[in-house]
There are 2 protein chains.
Amino acid sequence: MKACAKGVHLQVCIFDLMMKVTIIGTGNVAWHLAKAFATANQVMVMQVAGRNLKDLKRFSKFAQQTVTVENLVPEQVNIIAVSDDAIMTILERLPFADALVVHTSGYTQMLLGDRIRNRRGVFYPLQSFSKKDVHLDFSEIPILVEAEDPKDTETLQLLAKTISNQVIEIDSEQRRELHLAAVFANNFTNHLYLVAQEICQKSEVPFSLLHALIKKTASKAIANGPKKSQTGPAKRGDKKVMHTQLQALKDPKHKDIYTTMTKAIQATYGKEL
Amino acid sequence: MKACAKGVHLQVCIFDLMMKVTIIGTGNVAWHLAKAFATANQVMVMQVAGRNLKDLKRFSKFAQQTVTVENLVPEQVNIIAVSDDAIMTILERLPFADALVVHTSGYTQMLLGDRIRNRRGVFYPLQSFSKKDVHLDFSEIPILVEAEDPKDTETLQLLAKTISNQVIEIDSEQRRELHLAAVFANNFTNHLYLVAQEICQKSEVPFSLLHALIKKTASKAIANGPKKSQTGPAKRGDKKVMHTQLQALKDPKHKDIYTTMTKAIQATYGKEL
């Protein structure tokens, strides 16, 4: 779809009613956002910008244009989807001013500073993105928005709602805490799955035997809350089982995790190691 | 359904074709097994035995009879579904000999000993059971079986297949390792969810914002394997983020877990803290 033809005065021009966005970055978050916006009726991805022409080319099916950062023109919402370290550099390099520019990071504050000549905000989709995700259902992914100007917050909420059913305004401090909580719920949890897999491999039992338990553990914690869902020797204070299990672990990394998690569970439920 | 009427000679008596089981114990595992067997066409729960008459009464809808352990008569498979500590006592107290008696524990070995006068085995459903589970789909729960006598192993496999699609024979050593892997994948993972919830509560953001991430983390690890699914500052070796996050944690238990898990992830992926 292109811009409205000249001479179209009375007809409602759909193009003008659409939200127009620019995405800066060609990584996983940029990719999944571009894809999600491309399927949303009310949004148009006008430009995707990046350094690498080969990476950019992949985006041509979702965006009207692919450009380098220097050739960007400002749109209604300009989304910087790059790694934490690169956000500030990009903000300073933007060839325009007074436009709404948001980043997509959970960790990074809504950046302030004299050298940033645009209106700032945050558009943080709370999910762990990887290239492996062929299809992501964005409707289930919460999007946390923040902006300096209340009107910009409203714009970001409108935009987020075109792809997600869970859109909430939170401030930088809350977002950083939420991101930290996600490190426990996602990064650390995933590593526990790896430890479980390593233990299975050592004794030649298929890791797939744990799949149903892993799914159930997640769904129970969601349905009943993690506190009520806790079971196991540490919760029961079963010293005999804990001692045997610690002895059975050969890898020092596994032993460390066993000891730390067991202590934390016992401290939470009031039993001594 | 009752026993076959006298005089029924030529008709196939369904009752005689059914597998008949006894369940000893009235806890969560006993409850969910009795319920699952009651809905399986080929199994009949003949007796459920326990000390507490009130607990026993709950089982009357699933079992032909509820009795005390002393009044048990042996059936084809006699299942002891009690806590690890109580299994041996129950085995010694059984008022019959030479019957197939199995326990349901992942941790406990297939018990041997002169004082046990019955044929031993194990019937271990790999799931974390709690009273909160109103409905459990047993077809997805792996059942791990073991017996001294190959014919008994076959019987246990037949019985397990009436309720589960994943029935595997493993020995006591493998079962104990699998149970230990489950402690990481279930008990410790659930505690990480609690930490995530506590962090959310502290900064007044709803824990429900993490629900989609928790589900996705589980399903990704199952689909792509945990090694390929690992993301986050520890995996990337992002010292700045790790330092800030450790500082942001106020609860020493949370700090301990952060440090231990971060170290383990870095050791796994080859980066120094």
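Residues numbered from 1 in each chain as written. Chains lettered and ligands numbered in written order. Predicted model: local features only at pLDDT ≥ 70, side-chain atom pairs only at ≥ 80, totals over all residues. Heavy atoms only, no water.

Glancing now at the pairing of strand β6 (residues 119-125) of chain B. All names here are of chain B. For β6, the buried fraction is high: six of the seven residues fall into the buried class. As paired strands, strand β5 (residues 100-103) and β6 are joined by four bridges and run parallel to one another. Opposite V102, over in β6, you have G121 as the bridge partner. Note: β6 against strand β7 (residues 143-147), five bridges, orientation antiparallel. By the bridge assignment for β7, P125 is matched with I143. (Buried < 20%, exposed > 50% of the residue type's maximum accessible area, 1.4 Å probe, protein only. Helix = DSSP H or I, 4+ residues; strand = E, 2+ residues; numbered from the N terminus. Pairing = 2+ DSSP bridges.)

In this section: the interface of chain B and chain A. Across the contact, 90 residues belong to chain B and 90 residues belong to chain A. The interface formed by chain B and chain A holds two salt bridges in total. A salt bridge links A:K202 to B:E177, with the shortest nitrogen-to-oxygen separation between them at 3.7 Å. Viewed at the interface, chain A and chain B are joined by 26 residue pairs in polar contact (both at pLDDT 80 or more). Put simply, the parts of the chain that give the side of chain B that touches chain A at least two residues each are α6 (172-202), α7 (211-224), α8 (226-229), α9 (233-236), α10 (239-248) and α11 (252-269) of chain B. For the side of chain B that touches chain A, the element with the most residues is α6(B), which contributes 26 residues. Of the residues that constitute the side of chain B that touches chain A, the class distribution is 45 nonpolar, 28 polar and 17 charged. (Contact = heavy atoms within 4.5 Å. Salt bridge = Lys/Arg side-chain N within 4 Å of Asp/Glu carboxyl O. Polar contact = N/O pair within 3.5 Å; in protein donor to acceptor, adjacent residues only side chain to side chain. Nonpolar A, V, L, I, M, F, W, Y, C, P; charged D, E, K, R; others polar.)

A few words now on the sheet that holds strand β1 (residues 19-24) of chain A. By definition, the strands of a sheet pair up through backbone hydrogen bonds, in either a parallel or an antiparallel sense. All names here are of chain A. Ordered by their spatial adjacency, eight strands build an open sheet running β3-β2-β1-β4-β5-β6-β7-β8, and the pairing between neighbours is mixed. Each end of this open sheet is capped by a strand with a single partner; those strands are β3 (65-67) and β8 (167-169). Across the sheet, the mean angle from the axis of one strand to that of its neighbour is 25°, orientation sign disregarded. In this structure, strand β2 (residues 43-49) lies alongside β3, joined through three bridges in parallel fashion. In the sheet register, Q47 faces β3, and the bridge partner there is Q65. Strands β1, β2, β4 (77-80) and β6 (119-125) of the sheet are contacted by helix α2 (residues 28-39), whose axis makes an angle of about 160° with β1. (Axes fitted to C-alpha atoms, helices over the stretch in contact; angles between N-to-C directions.)

All right, on to the relation of the copies chain B and chain A then. Superposition of chain B onto chain A requires a rotation of 180° combined with a translation of 0.0 Å along the rotation axis, giving an RMSD of 0.0 Å. Those values place the two copies in the arrangement expected of a two-fold rotation axis. Across chain B, the rotation axis passes nearest the C-alpha of B:T189, at a separation of 2.7 Å. (Least-squares fit on C-alpha atoms with pLDDT ≥ 70 in both.)

You can see A:E204 is positioned in the loop between α6 (172-202) and α7 (211-224). Sequence separation between A:E204 and A:V122 is 82 residues, and the spatial gap between their C-alpha atoms is 47 Å.

Time to look at the nonpolar core. The biggest cluster of nonpolar side chains holds 76 residues, and the ones touching the most others in it are A:L178, A:F184, A:L210, B:L178, B:F184 and B:L210. At the level of secondary structure, the elements contributing two or more residues to this core comprise β6, α6, α7 and α11 (252-269) of chain A together with β6, α6, α7 and α11 of chain B. Contact partners of A:L178, with chain neighbours within four places excluded, come to A:L126, A:L144, A:I170, B:C200, B:V205, B:L209 and B:L210. (Core = buried A, V, L, I, M, F, W, Y, C linked by side-chain atoms within 4.5 Å.)

Read these as geometric descriptors, not functional statements.
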